[in-house]
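Coordinate inspection notes
One-letter residues, chain by chain:
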Amino acid sequence: MTLITDKPQVRTLLLTDLVDSTSLVERIGDTAAAELFRAHDRMVLELQQRWRGRLIDRSDGLLLIFERPIDGLGFALDYVRGLRDLGREHKQPLQARAGLHVGEVLVWENSADAIRVGAKSLEVEGLAKPLAGRLMSLARPGQILLSATAEPLAHRAARELGERGELLVWKSYGRWRFKGVPEGQEVYEVGEPGLAPLRMPSHTPKAWRDLPLWRRPAALAAEAMVLAAMVVGGWFITQPKPAIAFGERDWVVVGDLRNLTGDARLDDSLEQAFRISLEQSRYVNLISDLKMRETMQRMQRKPETQIDRAIGSEIAMRDGARALLLPTVAEVGGRLRVSAEVIDPRTQTTVYAISADGKGIESALASIDDVTGQLREKLGEAMHNVQKTSVPLPNVSTPSLDALKAFAVARNVYYTTRDREQALGLYRRALQLDPQFALAHADMARMFASFGQVEAAMTEWRAALAMRGRLSPQETMRIDLLLQQYTVPNAYFPKVDEYLAIYPDDEQVIARSGSNLWHQRNDFRAAEARFRQALNPAFANQGSVNYSLGIVLLGQERVDDALAAFRRSRELGFSGAGEYYARAYDAQGRHADADKTYLGGTGGRDGWQGESAVTTWIDRGQPQQAAKAADAWLAKAIKDADVLETQRARAAIASLSALAGSGNAAGVVKKLLLASRKQAQETDAIYPTMSVDLELYAGLLAAHAGDRALLADALRSVQDSAVVHDFPTVGQLNAVLLAEQERLAGNVDAALQRLRPLAKQDVSLVAVHWALMRAERSAGNAAAATAQSRWLATHRGRVFTENTTSDVLRFFNVWVSREALLATPATTASR
């Protein structure tokens, strides 16, 4: 009997074949051959241990599996070198062929009984195995061939091989066809000069080049026709072709600008201008400043390290960029020259260089536009697209180099030190120097938004849009989107789809739209798809994206998948928050693991505090602890003069009173309503939907307590609000209150008609199911009410992750879910 793994596993497979092993035995005899093979086996064992490989099979060759391609390559390189040295020692030429591939395989261990009768201890099967075998068979003696899957992974990690890794030669032999493999495969070689053949393999009956039609012998008779077609299409032939394998939407790294003029004004300003100009392309993608800083950190380099040829090439290799661009500005013959080198990061060689000259420092921006336009053409972008999408730099940034310098330094300060006041001061200085500098307004808006000051952000975005002539088409569309997410979200989501159809690699819009699908629509599936789109190695904040992915997976009750995403986020260095990671354990009733996860992270270093403490103690059936935490939260928020936190803490206190059915519940809820109205202008100046959301939440608490007067008061106050119509989750909450009002008035059928369609939707709020449970119960539908109670008890991930604009529903959700759990013990046991 064998023990088999359930699922295919991605592994690196290495197959080798000792060349002419049979004739070797014939030449030197059995005794000498046995001695040689024993030395060979000792070498293989040593290499296995060094490169963490596992030997699966052996005869004239070896089959090994590795966790990582670089380990498989390290073994193969050492094996080739070791065979040479072993052959010299025994005065016999020893060489091997090797094929390296990465793919899915099934791995299983044979039982002890099977091994006793001759079976191998470990078996490997899958399409990856014959493909590695085809590569090995194709290789020349001493040659290591790699598949298109293995090559980039091994190449990217080649520096782990030390100095030898820098001396390796990597070659591409194009597309090949293998017998029994349906699709053509790209074939690569890697080797050390002097050891490896570094020549194209020869055709075999089982492997042949996948040549284009015009190079096949059967097509030679048609060459005259092809030549005629080439003459007719001569214009196309003269178009510039990229000297490196660059395709549409491939990525580039922009290194630090070398300023050889001695004029300090050009240090940061022209580097920023170069990026702004190139960012107008839909063909070329730029690795962001933030992503490069993250990569530098992984490389254990200081933030101020110069991004030169070597460092920039390593960043490009790590982040999957095809090219490195190195801009330079210098004075040549009395003229100002802006130039850029295009570097192949694999070889660090200059593929080509481009330059533009101008008269005086005022020519710099026009020269940058000239250079970036040429670059885009060289990389393969059509000339008409370059002309169509290019707006002169002075129009999309500023004609003032001093303003551009202040802008560039502000961005640098914000990304490196997060010193908000210094960055704002620099942006304002840029606007003093050029009051029409729209990008400075846009950057200030993003900064305000990141600190939760939505109204201030909206003011700056509107200021930027008032100068549309000074924005690129992409920036204009992006700012329109950012405004719509807070004003008309129902229009926002279709606009996002339109935007991403044009600019599919805008990492900020992709991730932001995922968050909005979660917050504003309660649509966890759509949010998951968006966050997965943001899982791109060229994008920044991959740790944060994985954390967000974990949240929306938890909201779909996919707890194990959520935990895997949370773990991955920490592996990638994301140390913020951590509460949702803990909630994945709480959803399973594993509170000790939740405490360990949260309190062991940076977010929980002070223990459960504020909102997270209230939620925790409600979920664990300790309302008195929750009340103490809510009181402490309110006291701190008032002391800090934080109006949003003050209102949310008041909502927590009102929740505990109303949900527990205390005698003064009506008074506490009334107090929340009055506080919300009194501070509406102040809270809505920070987040425009806050007061409406709080009004409705107070109405929900009133409904739970059966207080029809307070419920009606809350509904009246929001009946003309655009927020109810424009924000889907707020609209659902309003529908719940209307249904509760109908139920309390005795019109149960109307409540059921309102709630049943909502409950069938994947995006339905927890409160919808709670209200439907009560309505079904009032209608005498015991089975239907029990079904809704079971929903509340089993959708524990949704209870913790559901969000409206004010994020106060969680207190209610956790309370009613706990009530449902206690009412359905069978469900409790199964979760």
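This text goes with the structure placed above it.
Below is a summary of the structure that appears in this document. Since we're looking at a predicted model, the values are computed, not measured.

What counts and what doesn't
Residues numbered from 1 in each chain as written. Predicted model: local features only at pLDDT ≥ 70, side-chain atom pairs only at ≥ 80, totals over all residues. Heavy atoms only, no water. Helix = DSSP H or I, 4+ residues; strand = E, 2+ residues; numbered from the N terminus. Buried < 20%, exposed > 50% of the residue type's maximum accessible area, 1.4 Å probe, protein only. Contact = heavy atoms within 4.5 Å. Phe/Tyr/Trp six-rings, centres within 6.5 Å; stacked < 30°, edge-to-face > 60°. Salt bridge = Lys/Arg side-chain N within 4 Å of Asp/Glu carboxyl O. Axes fitted to C-alpha atoms, helices over the stretch in contact; angles between N-to-C directions. Parallel < 35°, antiparallel > 145°, perpendicular 65-115°, else oblique. Left-handed = near helix turned anticlockwise from the far one by under 90°. Nonpolar A, V, L, I, M, F, W, Y, C, P; charged D, E, K, R; others polar. Pairing = 2+ DSSP bridges. Core = buried A, V, L, I, M, F, W, Y, C linked by side-chain atoms within 4.5 Å. Expected span 1.5 Å × (residues − 1). Polar contact = N/O pair within 3.5 Å; in protein donor to acceptor, adjacent residues only side chain to side chain.

So, about the overall build of the protein. Helices and strands together make up the secondary structure of the protein, namely 41 helices and 16 strands. In terms of its C-alpha atoms, the protein occupies a principal-axis envelope of roughly 100 × 85 × 55 Å. Counting all 831 residues of the protein, 54% fall into the buried class. The long-range share in the protein, meaning contacts at least 24 apart out of those at least 6 apart in sequence, stands at 64%.

A separate point is the packing of aromatic side chains. Following the criterion strictly, the structure yields 17 aromatic pairs and no others. On the basis of an interplanar angle of 70 degrees and a centroid distance of 5.7 Å, the ring pair of Trp251 and Phe539 is categorised as edge-to-face. With a gap of 288 residues between them, Trp251 in strand β11 (residues 250-254) and Phe539 in the loop between α22 (524-533) and α23 (542-554) connect regions that are remote in the sequence. On the basis of relative accessibility, which here comes to 9%, the residue Trp251 falls in the buried class. In this structure Phe539 comes out as buried when scored by relative accessible area, which is 2%. An angle of 70 degrees between the planes, with centres 6.2 Å apart, marks the rings of Trp633 and Phe811 as edge-to-face. Of this pair, Trp633 sits in helix α28 (residues 623-639) while Phe811 sits in helix α40 (residues 809-823), placing them 178 residues apart in sequence. Like Phe811, Trp633 is buried. Put simply, the rings of Tyr547, Phe566, Phe574, Tyr581 and Tyr585 pair up and form one aromatic cluster.

Further remarks concern the pattern of salt bridges. All told, the structure shown has 56 salt bridges when counted by the stated rule. Note that Lys405 and Asp268 form a salt bridge whose closest N and O atoms lie 3.5 Å from each other. A residue pair is termed long-range when its members are at least 10 positions apart, and Lys405 in helix α15 (residues 401-417) and Asp268 in helix α9 (residues 266-278) qualify at 137 residues. Overall, Lys405 belongs to the partly exposed group, its relative accessible area being 22%. For Arg558, the salt bridge is made with Glu528, and the minimal N-O distance between the two is 2.8 Å. Linking Arg558 in the loop between α23 and α24 (559-571) with Glu528 in helix α22, this pair joins segments that are 30 residues apart in sequence. Several salt bridges converge on common partners, so that one network encompasses Glu579, Arg583, Asp586, Asp595, Glu611, Arg620, Glu645, Arg648, Asp807 and Arg810.

Here we take up the environment of Ala771. Looking at the secondary structure, you find Ala771 in helix α37 (residues 766-778). The sequence separation of Ala771 and Glu740 amounts to 31 residues, and the corresponding C-alpha distance is 6.7 Å. Apart from residues lying up to four places away in sequence, Ala771 is in contact with Val736, Glu740 and Leu755.

With that out of the way, let us pick up the packing of helix α32 (residues 690-705) against helix α35 (residues 728-744). Packing of α32 against α35 brings their axes to within 10 Å, and their N-to-C directions diverge by 30 degrees. By the angle between their axes, α32 is roughly parallel relative to α35. Regarding α32 and α35, the two cross each other, and that crossing is left-handed. Along its contact with α32, which presents Val692, Asp693, Leu696, Tyr697, Gly699, Leu700 and Ala703, the element α35 presents Val730, Leu733, Asn734, Val736, Leu737 and Glu740. Looking at the contact of α32 with α35 residue by residue, the classes come out as 9 nonpolar, 2 polar and 2 charged.

With a phi close to 55 degrees, Asp20 is a non-glycine residue in the positive phi region. As for its position among the elements, Asp20 is in the loop between β2 (9-18) and α1 (21-51). Positive phi values are uncommon outside glycine, yet Ala641 reaches one of about 55 degrees. Ala641 sits in the exposed class, given a relative accessible area of 67%.

Attention shifts here to the pairing of strand β14 (residues 323-332). Burial within β14 is extensive, with 8 of its 10 residues counted as buried. Alignment of β11 against β14, held across 3 bridges, turns out to be parallel. Bridged to Val254 within β14 is Leu325. Both strand β12 (residues 258-259) and β14 contribute to a ladder of 2 bridges, which runs parallel. By the bridge assignment for β14, Arg258 is matched with Thr328. Note: β14 against strand β15 (residues 335-344), 9 bridges, orientation antiparallel.

Bringing the side chain of Gln484 into the picture now. Along the chain, Gln484 turns up in helix α19 (residues 473-487). Setting aside residues up to four positions removed in sequence, Gln484 forms contacts with Pro489, Ala491, Tyr492 and Lys495.

Glancing now at the nonpolar core. Core analysis: the biggest nonpolar cluster contains 196 residues, and Val614, Tyr697 and Leu700 have the highest contact counts within it. For this core, the element with the most residues is α32, which contributes 10 residues. By size, the runner-up hydrophobic cluster in this structure holds 37 residues, among which are Met43, Phe75, Leu77 and Leu94.

Let's shift gears to the packing of α15 against helix α16 (residues 420-433). Contact geometry for α15 and α16: axes closest at 8 Å, N-to-C directions at 165 degrees. By the angle between their directions, the pair α15 and α16 is classed as roughly antiparallel. When the axes of α15 and α16 are compared, the crossing they make is left-handed. Residues Asp402, Ala403, Ala406, Phe407, Val409, Ala410, Arg411, Val413 and Tyr414 of α15 form the contact with α16, whose own contacting residues are Gln422, Ala423, Leu426, Tyr427, Arg429, Ala430 and Leu433. When its residues are assigned to classes, the contact of α15 with α16 shows 12 nonpolar, 1 polar and 3 charged.

Looking now at helix α21 (residues 507-521). Given a rise of 1.5 Å per residue, 15 residues ought to cover 21 Å, and the 20 Å separating the end C-alpha atoms of α21 matches this to within 8%. Of all the residues in α21, the buried ones are Glu507, Val509, Ile510, Ser513, Gly514, Ser515, Asn516, Leu517, Trp518 and Gln520. Two or three places before Gln508, at the start of α21, stands the capping residue Asp506, its side-chain oxygen 3.2 Å from that residue's backbone nitrogen. Once α21 finishes, Asn522 follows within two positions and takes phi at roughly 60 degrees, a positive value.

What follows concerns α15. Across its 17 residues, α15 extends 24 Å between first and last C-alpha, which sits within 8% of the 24 Å expected from 1.5 Å per residue. Where α15 is buried, its residues touch α9, α12 (364-378), α16 and α17 (438-450). Looking at the residues trailing α15, positive phi occurs at Arg418, about 60 degrees.

With that settled, the discussion passes to the side chain of Ser657. If you trace the backbone, Ser657 turns up in helix α29 (residues 643-659). Residue contacts for Ser657: discarding those within four places in its chain leaves Ser662, Asn664, Ala665 and Val668.

Burial within β2 is extensive, with 7 of its 10 residues counted as buried. As judged from the 6 bridges shared by β2 and strand β4 (residues 61-66), these two strands associate in the antiparallel manner. By the bridge assignment for β4, Thr16 is matched with Leu62.

Any link to function would need more than the numbers given here.
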